[in-house]
Amino acid sequence: MRTHYSGEIKPELDGKEVTVAGWVHEIRDLGKLKFLVLRDREGFVQITAKKDTCDATVLKAIDSASRESVIEVRGRVQKNSRAPGSVEVIPENISILSLAQSPLPMDVTLKVDADIDTRLNNRFMDVRKPDVSAIFTIRSKVVRAARSYLDSNGFIEIHTPKIIASASEGGTNLFPISYFDKEAFLAQSPQLYKQMMMASGLDRVYETTFYFRAEEHDTRRHLNEVTAVDVELAFIKDEEEVLSVLEGLVLEMIKAAAACVKELGILKKEITVPEKAERLTYDEALEMLAAHGKKIAWGEDIDTEGEKLLGEVMKNERSTELYYIKDYPLKVRPFYTMPFSEKYSRSFDLEYKGVEVSSGAQRINDYGLLVDRMKALKLDPGNFSFYLDAFKYGMPPHGGFGLGIDRMMMQMLELPIREVVLFPRDRHRLTP
Ligand code: AMO
């Protein structure tokens, strides 16, 4: 059993017996002296074996350990100003716990850059690299910060089914699955279920969830399996209350990432925490884009290029990287979105550095209006009876949003989406 991680081996422990365990990062044999660099999740520690003072079994173990083998080393800490971190471990016993085959499928010493496909095919090895493991340490802190913010604001964490019978966002991007003798799909969103919970009395809920989306994208920012935080809250006056929960949540997540000083140092990244999110309306966004040469017809969605340009304009002219676009045309939003007038809706997207990270709205809570909106969008209310029932017997006003965790990570660290997901699912990738 290891007693210490590499990060704990400090010169102050001089003379103390320790056990460290991890992977053989590098071996250098200088004849009289053998150096073995051991790597674990916290970093590296140098194991130094002198030929004339070290036990023969220790020297033999070093000779037989291939790179990336898993070993456990018991030994004494020794201060040494010439060793990395001014400290080394003089081994008294080395056990080889698992011998690695060679050649290795990829290099983990950071000397050779492997392409992203090789890295993802060998993700278990890729994550051994400190810069890659740093991403997932930050991700864990960010998700924990999201949960903790929502918990402390009275939200209850729920889990809704991922095997569903009908579409929640419109029907085209569902993955069909066979479910005994019935047709079923992987859930593209917890939307209908989180809304139904608003009629249950648990009036503030959230879920850290998967979305499965059968979209044939091949971009830096789309995946077919997405992780997100979905939130829904009831007894709201309008969408502003939903926006303020989203703003608080996103700022906490960015703060949590910015606090990962060691990991950001390894990644050579800096994260600036915005003070708040700025606000724009959809119409203002269109005007700003038009003023910068990008024309979008009223009622069209703002495309990727438009979003990117808007990101640049907001940064240069308003010194902000985080902003909402509110009041979208009703016709580009899903059926459950609360209308604001004939043309507009009580909906919003949150943009971070020119990419949409969240979208949400106040929802329709009136049964009759909901059915009308379904019909207007050519959806058959008969397919949604399990959902519509929740609106018949007391449904409070409510709203919510879905916030992409992968998108947040990618924008905070300014990396492509595949880098921030352990085992990404895209059009070409189903294993590992
Ligand atoms: P929407 O479809 O906009 O809204 O999704 C919400 C957020 O999820 C993330 N996201 C994705 N990330 C990567 N790849 C994808 N293919 C992908 N699709 C979505 C984005 C996006 O902003 N039911 C509504 C939310 C609500 O109104 O509560 C919904 O799913 O960050």
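Our structure is the block above this text.
Residues numbered from 1 in each chain as written. Predicted model: local features only at pLDDT ≥ 70, side-chain atom pairs only at ≥ 80, totals over all residues. Heavy atoms only, no water.

## Overview of the pairing of strand β13 (residues 322-326)
With 5 of 5 residues buried, β13 is to be regarded as a mostly interior element. The two faces of β13 match: L322, Y324 and K326 on one face and Y323 and I325 on the other face are all buried. Relative to β13, strand β12 (residues 278-281) runs parallel, the two sharing 4 bridges. Bridging from a neighbouring strand, R279 pairs with Y324 of β13. As paired elements, β13 and strand β14 (residues 347-352) share 5 bridges and run antiparallel to each other. Paired with Y324 across the bridge in β14 is L350. (Buried < 20%, exposed > 50% of the residue type's maximum accessible area, 1.4 Å probe, protein only. Helix = DSSP H or I, 4+ residues; strand = E, 2+ residues; numbered from the N terminus. Pairing = 2+ DSSP bridges.)

## A look at the sheet that holds β13
What the 8 strands build is an open sheet, ordered β6-β10-β11-β16-β15-β14-β13-β12; its pairing is mixed. The sheet is open, and its two edges are formed by β6 (156-157) and β12, each paired on a single side. Here helix α8 (residues 282-291) sits on the sheet and contacts β12 and β13; the angle it forms with β12, its principal contact strand, is near 85 degrees. (Contact = heavy atoms within 4.5 Å. Axes fitted to C-alpha atoms, helices over the stretch in contact; angles between N-to-C directions.)

## A few points about the side chain of E68
Its place among the elements puts E68 in the loop between α1 (56-64) and β4 (70-79). Among the polar contacts made by the side chain of E68, one reaches the side chain of R39 at a distance of 2.7 Å. Residue contacts for E68: discarding those within four places in its chain leaves W23, V24, H25, R39, A100, L104, V108, M125 and R128. (Polar contact = N/O pair within 3.5 Å; in protein donor to acceptor, adjacent residues only side chain to side chain.)

## What about the pattern of salt bridges?
Counted according to the given criterion, the structure contains 37 salt bridges. For E247, the salt bridge goes to R279, with nearest N and O atoms at 3.6 Å. Residue E247 is found in helix α6 (residues 239-258), and its partner R279 is found in strand β12; the two are separated by 32 residues along the sequence. Between K294 and D303 there is a salt bridge, and its shortest N-O distance comes to 2.9 Å. The class of D303 is partly exposed, set by a relative accessible area of 33%. A cluster of three or more residues bridged by salt bridges with shared partners is formed by E239, E240, E247, R279, K326 and R346. (Salt bridge = Lys/Arg side-chain N within 4 Å of Asp/Glu carboxyl O.)

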